Amino acid sequence: MALHIPGVIAVMLFYILILGTGLWAARKSRKAEMKSHGSRTEVALLGDRNIGLLVGIFTMTATWVGGGFILGVAEAVYSPKMGLIWALMPLHYMVSFIIGGLFFAKPMRDKKYVTMMDPFQIKYGNVLSGALVLPSILVDVLWVSCTLLGLGATMTVILDLPYAYCVWISSAVAIIYTLLGGIYSVAYTDVIQLCLVFLSLWLCVPSLLLNPISTNIAQTAFNHMFQEPWVGTLEQDKVWKWIDDFLMIGLGSVSFQSFHQRTLSASSSRTAQLTCYAAAIAIAILGIPPALVGAVGASTDWNLTLYGSPSPYVRGEPSLILPLTLQYLTPSYISIIGIGAVAAAVMSSTDSALLSATSVFSSNIYKNILRKQASDKEMQWVIRLTVVVVGLVGTCITFYTNSPLVLWILGADVSYTLIFPHLVTVLFFNVTNGYGAMVGYIIGLIVRILLGENVVGLPVVLRLPGCTLEEGVYVQKSPVRTVSMLCTLVTILVFSSLAFFMFNHGLLPERWDIFKVKRNVTTSVDPITQNLKEEAESDAECDVNINGVPLQPVM
């Protein structure tokens, strides 16, 4: 197969368009810095908290509709062992956005946090919050890998370009415009990218559904023709796993920094909530085309195509089903349009993950722990350097796996089992303290490791009810991620309450209280009362002359 010249030209034009938009947004960012009363760091990371509703909806939706989303949904629908019933990622994210809008967007935006990790740092201090930051950064790095992997695989199949070239060029484009304009470049390029994703995907669907080689997907939905029906089945012993996956993605996505970066950059709390609700509808619509692509792939006799036999699943290439269907079942110009969809989706998610990891590191680690006296100019260079480092690390990971779905699930697993229970407790349970958070972190991590994960080769040590031995490997049938998450959540609350009781009843000496539980409780003042007290003190200061003698009222 020769190099696809028209496709390469189309991709180059797309990259030029995205870079141009990113440069324009970078100029807008510099103007915002000049007008802003806040720090340059806040402008770079949150757009001076001035992102409007329309742009917010675009950037929120585009962040989640990435290469992992598009290729992952198509792969799940096509895979004979999964099917549509296991490819509910659009529904998962829809639920996640609604929950985020109802419970998380307003309290986070009202308190004007810079990152999702700020409440941890305020309540637990720098050391413990630093440990909690690590899983958040890991999730974003894996997300970068996941999205770039999807694009590299698609461009390799359709354009016949070397995989390494595709990944590194795409990564370089995303890194350049992200470090130039920060959240403004990310948000405004997301508008262009989401429009391209929507138009490109839906333009490909009619050609795929009407191609003469594939059987009508309505016939293969419930009938075994070339493989198992693409709707899939939910066997009784996998019900708990299905529920586990649903909760992991539906709730775990709320604890992604990328989600909170969009709500925190909104122009108001109300705008942040409306952004979540509108994005929930948009992402459900955008999940339909990749599901149809997977269905068409499952309804095709691949022996009748130039791809030949055996099928992609038998060859171990289910993750490539979207580019393969575009390449072998549609005209050349349609496959180029499909490349545009995947490229746009990847760019929109890669830049978001880059900025997300950068925000957490620069704000919560560098500024608050390593260099508290860092100037705005210094922070700008830290942000740029972090964008480059995260991009390089994420790109390198793409060469160690061939399935974006694996990286996607791994990132969601870490977010759900470790970060989500900590976020819930720190925001909604006043009793939470550093002792409970520390023990919960340790126990939650240990439990999750012991429960195992076959996807990444982690053996099962702690076998839950229903665990079976299949082909020499133990397979958990219980909802292991939810069990791990609940262990973390309960541990945090129990040990926080225990520490609270023991320090405040004299069962432990106060000198052992490294997290200042006793002091926080005994000296805590209601915010309204504190404000009144400060105003009274301010008035009193106005009534004292320079010598410290109270001034007498003029009669």
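The structure displayed is predicted, hence computed values, not measured ones. (Residues numbered from 1 in each chain as written. Predicted model: local features only at pLDDT ≥ 70, side-chain atom pairs only at ≥ 80, totals over all residues. Heavy atoms only, no water.)

**Side note on the nonpolar core**
Here is step 1 of the chain: Residues W64, I70 and M347 are the most contacted members of the largest nonpolar core, which totals 131 residues.
Here is step 2 of the chain: Looking at this core, the element that brings in the most residues is helix α7 (residues 126-159), giving 18 residues.
Here is step 3 of the chain: Those residues within four positions of M347 in sequence are excluded, and the remaining contacts are F14, Y15, L151, S170, V173, A174, Y177 and Q193.
Here is step 4 of the chain: Counting residues in hydrophobic clusters, the runner-up holds eight residues, among them V43, Y184, A187 and V191. (Core = buried A, V, L, I, M, F, W, Y, C linked by side-chain atoms within 4.5 Å. Buried < 20%, exposed > 50% of the residue type's maximum accessible area, 1.4 Å probe, protein only. Helix = DSSP H or I, 4+ residues; strand = E, 2+ residues; numbered from the N terminus. Contact = heavy atoms within 4.5 Å.)

**So, helix α14 (residues 321-329)**
Here is step 1 of the chain: When you tally the buried positions in α14, you get seven out of nine residues, the bulk of the element.
Here is step 2 of the chain: By the burial criterion, the buried members of α14 are I321, L322, P323, L324, T325, L326 and L329.
Here is step 3 of the chain: For α14, the secondary structure elements touched by its buried residues are α4 (67-78), α7, α8 (163-209), α13 (288-298) and α15 (332-370).

**What about the pattern of salt bridges?**
Here is step 1 of the chain: As enumerated under the stated definition, the model contains twelve salt bridges in all.
Here is step 2 of the chain: A salt bridge links E453 to R481; the shortest N-O distance between them is 3.2 Å. Remark: R481 occurs in helix α19 (residues 480-504) and E453 occurs in the loop between α18 (434-451) and β1 (468-470); sequence separation between them is 28 residues. Both residues of the pair, E453 and R481, belong to the buried class.
Here is step 3 of the chain: Here the salt bridges do not stand alone but share partners, grouping K241, D244, D245, D413, R448, E453 and R481 into one network. (Salt bridge = Lys/Arg side-chain N within 4 Å of Asp/Glu carboxyl O.)

**Focus: the environment of V360**
Here is step 1 of the chain: Here V360 lies in helix α15.
Here is step 2 of the chain: Assessed through its relative accessible area of 0%, V360 is described here as buried.
Here is step 3 of the chain: For the pair V360 and V133, spaced 227 residues apart in sequence, the C-alpha to C-alpha distance is 7.1 Å.
Here is step 4 of the chain: Contacts of V360, omitting those with residues within four sequence positions, involve T115, M117, V133, S136, I137, Q257 and I365.

**A word on the confidence of the model for the chain**
Here is step 1 of the chain: This prediction gives the chain a mean pLDDT of 84; 91% of its residues lie at or above 70.
Here is step 2 of the chain: Under a pLDDT of 50 for its full length, residues 520-555 has, in the predicted model, 13 contacts with residues more than four places off or in other chains. (pLDDT = per-residue confidence, 0-100.)

**Some words on a positive patch on the surface**
Here is step 1 of the chain: Together, R27, K28, R30, K31 and K35 give the surface a local cluster of positive charge.
Here is step 2 of the chain: Within the fold, R27 resides in helix α1 (residues 5-35). (Patch = residues over 30% accessible without salt bridge, like charges linked within 9 Å, V, L, I, M, F, W, Y side chains within 5 Å. Areas by Shrake-Rupley, 256 points an atom, 1.4 Å probe, with all protein chains shown as cover. Lys, Arg positive; Asp, Glu negative; His and termini not counted. Charge placed at Lys NZ, Arg CZ, Asp CG, Glu CD.)

**What to know about the environment of V296**
Here is step 1 of the chain: By the secondary structure assignment, V296 is in helix α13.
Here is step 2 of the chain: Judged by relative accessible area, which is 2%, V296 ranks as buried.
Here is step 3 of the chain: With 167 residues separating them along the chain, V296 and S129 place their C-alpha atoms 47 Å apart.
Here is step 4 of the chain: Look past the residues within four positions of V296 in its chain and what remains in contact with it is L208, L209, N211, S214, I217 and L329.

**Overview of the environment of I492**
Here is step 1 of the chain: Among the structural elements, I492 can be located in helix α19.
Here is step 2 of the chain: Look at I492 and you get buried, because its relative accessible area is 0%.
Here is step 3 of the chain: Taking C-alpha positions, I492 is 33 Å from I383, a pair spaced 109 residues apart along the chain.
Here is step 4 of the chain: With sequence-adjacent residues up to four places away left out, I492 is seen in contact with P421, H422, T425, T432, G436, A437 and G440.

**Quick notes on the state of the cysteines**
Simply put, disulfide is the name for a covalent bond between the sulfur atoms of two cysteines.
Here is step 1 of the chain: According to the stated counting rule, one finds zero disulfides in the structure shown.
Here is step 2 of the chain: Looking at C467, it has no disulfide partner, and the nearest cysteine sulfur is the one in C487, 16 Å off.
Here is step 3 of the chain: Exposure remark for C467: the relative accessible area of 19% places this residue in the buried category. (Disulfide = S-S within 2.5 Å.)

**Some words on α18**
Here is step 1 of the chain: In a regular helix each residue adds 1.5 Å, so 18 residues correspond to 26 Å; α18 covers 25 Å between its end C-alpha atoms and thus fits that length.
Here is step 2 of the chain: When we look at burial in α18, the residues that qualify are G434, Y435, G436, A437, G440, Y441, G444, V447, R448 and L451.
Here is step 3 of the chain: The opening residue of α18 is N433, an N-cap whose side-chain oxygen sits 3.1 Å from the backbone nitrogen of Y435. (Expected span 1.5 Å × (residues − 1). Polar contact = N/O pair within 3.5 Å; in protein donor to acceptor, adjacent residues only side chain to side chain.)

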